[in-house]
Amino acid sequence: MIPRVRTAVLISGRGSNMSALIEAARSRDFSAEIVLVLSDDPAAAGLSLARKLGVAAEAIDFRAYTGKPAFEAALETRLTAARVEIVCLAGFMRVLSAPFVERWKGHLINIHPSLLPNLRGLNTHERALAERLAEHGCTVHLVTAELDAGPILVQARVPVLPADDASALAARVLKEEHRIYPQALDALARSLRAEAPEPQ
Ligand code: GRF
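First, a word on scope: everything that follows refers to the structure included in this document. (Residues numbered from 1 in each chain as written. Predicted model: local features only at pLDDT ≥ 70, side-chain atom pairs only at ≥ 80, totals over all residues. Heavy atoms only, no water.)

## Describing the site of the ligand
Inference 1: Taken together, the neighbourhood of the ligand is formed by R14, G15, S16, N17, G91, I111, P113 and E177.
Inference 2: With respect to the ligand, the backbone of G15 contributes an N or O atom lying 2.9 Å from an oxygen atom.
Inference 3: Take E177: an N or O atom from its side chain is 2.7 Å from an oxygen atom of the ligand.
Inference 4: Burial of the ligand by the protein chains amounts to 84% of its free accessible area of 360 Å².
Inference 5: Looking at the shell around the ligand, its residues break down into two nonpolar, four polar and two charged. (Near = heavy atom within 4 Å. Polar contact = N/O pair within 3.5 Å; in protein donor to acceptor, adjacent residues only side chain to side chain. Areas by Shrake-Rupley, 256 points an atom, 1.4 Å probe, with all protein chains shown as cover. Nonpolar A, V, L, I, M, F, W, Y, C, P; charged D, E, K, R; others polar.)

Printed below as a string of structure tokens:
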């Protein structure tokens, strides 16, 4: 059996996308394995959820470090020790530095709740309603130094309905996030394996 690509998920909050990735990776033919969950916030609900799902989960508390370089060095140490090859950002609320992003180039992905390049940044559901968009959705993309601007891997569209408020719209988008994030991770892991097959 071809070894699966060791993957970490970085979170800051509830971890529903993280959970979708862990569940999907239980399938025998999924090409990535979730080996580690890290949170910059020790209070993130997703940490205990990950442990319940049988995945090692640790906080690397941003506030315990003197600044971003020290925090990112701690992340890097943990990821390297766990022999991680892919990092998935799933509601991770820190902007990673250009050197960190460069080091993980092609191996670092994010899910964003809009149809990029439309609605980069925060509060996308409120903004979709304020702009009276007919269509909204979510995007999995490779992370580059420019925020929410890396190459798009997978997108899903949902309609914006007349009765929608931000939470109804967010729930419709989230359902699609949980579908496309595993799909994008599986495809990326497969392509990395194809580039660099394990020695027999
Ligand atoms: C998701 O909407 C994701 O697209 C955005 O942050 C939210 C995280 O939710 N980046 P969860 O922690 O995965 O439930």
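## Considerations on the environment of L36
Inference 1: Note on placement: L36 falls in strand β2 (residues 32-39).
Inference 2: Sequence separation between L36 and R78 is 42 residues, and the spatial gap between their C-alpha atoms is 9.2 Å.
Inference 3: Sequence-distant contacts of L36, defined by excluding residues within four places in its chain, comprise T7, A8, V9, V55, A56, E58, R78, L79 and A82. (Helix = DSSP H or I, 4+ residues; strand = E, 2+ residues; numbered from the N terminus. Contact = heavy atoms within 4.5 Å.)

## Here's the deal with the packing of helix α1 (residues 16-24) against helix α2 (residues 45-52)
Inference 1: α2 packs onto α1 with a crossing angle of 15° between their chain directions and a minimal axis gap of 9 Å. As the angle between them shows, α1 and α2 are arranged roughly parallel. Crossing of α1 against α2: the hand is right-handed. Between α1 and α2, the residues in contact are M18, S19 and I22 and G46, L49 and A50, respectively.
Inference 2: Within the contact of α1 with α2, the residues separate by chemical class into four nonpolar, two polar and no charged. (Axes fitted to C-alpha atoms, helices over the stretch in contact; angles between N-to-C directions. Parallel < 35°, antiparallel > 145°, perpendicular 65-115°, else oblique. Left-handed = near helix turned anticlockwise from the far one by under 90°.)

## Details of α1
Inference 1: A large share of α1 lies buried, amounting to seven of its nine residues.
Inference 2: Inspection of α1 places S16, N17, M18, S19, A20, L21 and I22 among the buried residues, and these make up the whole buried set.
Inference 3: On the buried face of α1, the contacting elements are β1 (5-11), β2, α2, β4 (86-89), β5 (108-112) and α6 (166-195). (Buried < 20%, exposed > 50% of the residue type's maximum accessible area, 1.4 Å probe, protein only.)

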